[in-house]
Amino acid sequence: MNKYPKRLHTVSLTCFFIGVLFIFLKFYLDKNFGLLTPLEFVFHLKVPLTGTSHGQVFIFMKEVLFPTLLVFFPVRYTLKYLKKKVSFQKICKYCLVTIIILSIVTSSLVLNQLNFFSYIGSQFTYSDFIETNYTDPSTVQLTFPAKKKNLIHIYVESLEVSYASKENGGAADLELLPGLTELAKDNLNFSPTASLGGFYQVPGTNWTSAALISQSSGLPVLLPLTSKVYTQGAKFMSGATTLGDILAQQDYTQMVMFGSDARFGARNLYYQTHGNYQIFDLNTAKEEGLIPQDYSQWWGFEDSKLFTFAREKLNDLSSDSQPFELDLMTANTHSPDGLAEDSCTLDLKDNYSKAIACSDQQISAFISWLQTQNYYEDTLIIITGDHLSMDTAWFKSVASDYSRQVYNVFINSESMTSDTTREFTSFDIFPTTLSALGVKIQGDKLGLGTNLFSDTKTLAETYGISTLTRELNKRSKYYEKNILK
């Protein structure tokens, strides 16, 4: 017994546990977060996970943790039994060495498929791309109109053009976005083609927090492995000048509403750091007695409640003489499968399609209600997806050469253009929003974004998406020093 290599035993079992965990983790990520990148993974290691959906936690335990334990413990106790048998010690030793080798190989293959090693390599590769192309909004002359428009921006979870019918530029056999497609046709929809379209997704913009930030600051979220861990009360991207900062300086009353806990993904830190936002979330709804203290549905409460509460808040915001900004973030179309509320009676083949179509109905009804309000004509309404969907099952039948883009529409814009055919990214939403509010932007560039109402080329049009993607995957000393600080 004394000759038995205890250290080898411990190392082998640790490697085995990690190896098995990575295998199930890989299947879990492929199924539930098809477009997950190392950038997003590192981001969520650095920011609070408070407010994670209980359903998401349960799915992780069911699909990753429990299967790992079911495989691990029988092997562990089998080896524990074998090491007590003197005649089996050598066999057991070979088993342990084999387990270590297989676990290392398996973990490496999974990490490689998740592009982890490419990410590690990028941490030692620097680029001056951001420094060369960044326009600091604090140095740009912005001229607001005498009468300032209100702003309502609805960020719709995972809303992409793919859900529209093929006839309208989407990838679906059945039109899942009839309301949003009509809104795009009747108003301003920027697209790379003549049909319904949207913006391309690039690194540092492809999860909810990063999407909110990129569309309102013209910047990606690129946290290096060496960056600090953000805690409650910390300043987030304190070197950035954002839409929130600019509108706060113009005395806008600002509010952002989530149907989940605003602390998840440091969203509260971003809005507290930039602007003067009132934050309404799951906790606020409980504090105001709008839902029970123990209420929990999906990521917090359903989108139907979010739009109901938004109507009430808009009545208050519009009663003030000051212009207002209201941002809404929906959640019903989050992967996996989405949430189709009981009030939705649509008969569709899968739950995700139903959740999408029901969300279209809810948003359309909310816009119809806004059209009856006395402040409607004085309000710019923007609807964008936050990022491409991570639900892999729905996209199995979508052609591999189909170009997936994130939805956008601008309603009641002060700026107009006859040419809405543009190649662009979420960065361009930032200056375009200000232009749609009637703001004159010196040079038509803010952050890494370009005003789409101008003739100035976007970075996507100048460099192409592949070059833009490659450069943003590298580290930027300028970004880390001047934006992250």
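Residues numbered from 1 in each chain as written. Predicted model: local features only at pLDDT ≥ 70, side-chain atom pairs only at ≥ 80, totals over all residues. Heavy atoms only, no water.

**Q** What's the story with the pattern of salt bridges in this structure? I'm lost.
**A** Any two side chains of opposite charge can pair, on the condition that their charged atoms come close. Counted by the stated rule, this structure contains ten salt bridges. Close ionic contact of Arg 422 with Glu 461 constitutes a salt bridge, the shortest N to O distance being 2.9 Å. In this pair, Arg 422 sits in the loop between β8 (406–411) and α14 (429–436) while Glu 461 sits in helix α15 (residues 459–463), placing the two residues 39 residues apart along the sequence. Glu 461 gets classed as partly exposed once you look at its relative accessible area, which sits at 25%. (Salt bridge = Lys/Arg side-chain N within 4 Å of Asp/Glu carboxyl O. Helix = DSSP H or I, 4+ residues; strand = E, 2+ residues; numbered from the N terminus. Buried < 20%, exposed > 50% of the residue type's maximum accessible area, 1.4 Å probe, protein only.)

**Q** For this particular structure, what's the right way to read the state of the cysteines?
**A** Two cysteines form a disulfide when their sulfur atoms are joined by a covalent bond. By the definition in use, this model includes one disulfide. Two residues, Cys 344 and Cys 358, share a disulfide whose sulfurs are 1.5 Å apart. Handedness of the Cys 344-Cys 358 disulfide follows from its S-S torsion of about -55 degrees: it is left-handed. Within this pair, whereas Cys 344 is found in the loop between β6 (324–329) and α13 (351–370), its partner Cys 358 is found in helix α13, the two being separated by 14 residues in sequence. Each member of the pair Cys 344 and Cys 358 is classed as buried. (Disulfide = S-S within 2.5 Å.)

**Q** How should I be thinking about helix α17 (residues 477–484) in this particular structure?
**A** Each α-helix turn comprises 3.6 residues. Residues three or four places apart therefore point the same way. Those residues of α17 that sit buried are Tyr 479, Glu 480, Ile 483 and Leu 484. Viewed along the axis of α17, the buried residues span an arc of 105 degrees, placing them on a single side of the element. Exposed and oriented more than 90 degrees from the buried face of α17 are Lys 477 and Lys 481. As for α17, its buried residues are in contact with α6 (129–133). Where α17 ends, the next residue or the one after it, Lys 485, has phi of about 50 degrees, a positive value. (Arc of directions from axis to C-beta. Contact = heavy atoms within 4.5 Å.)

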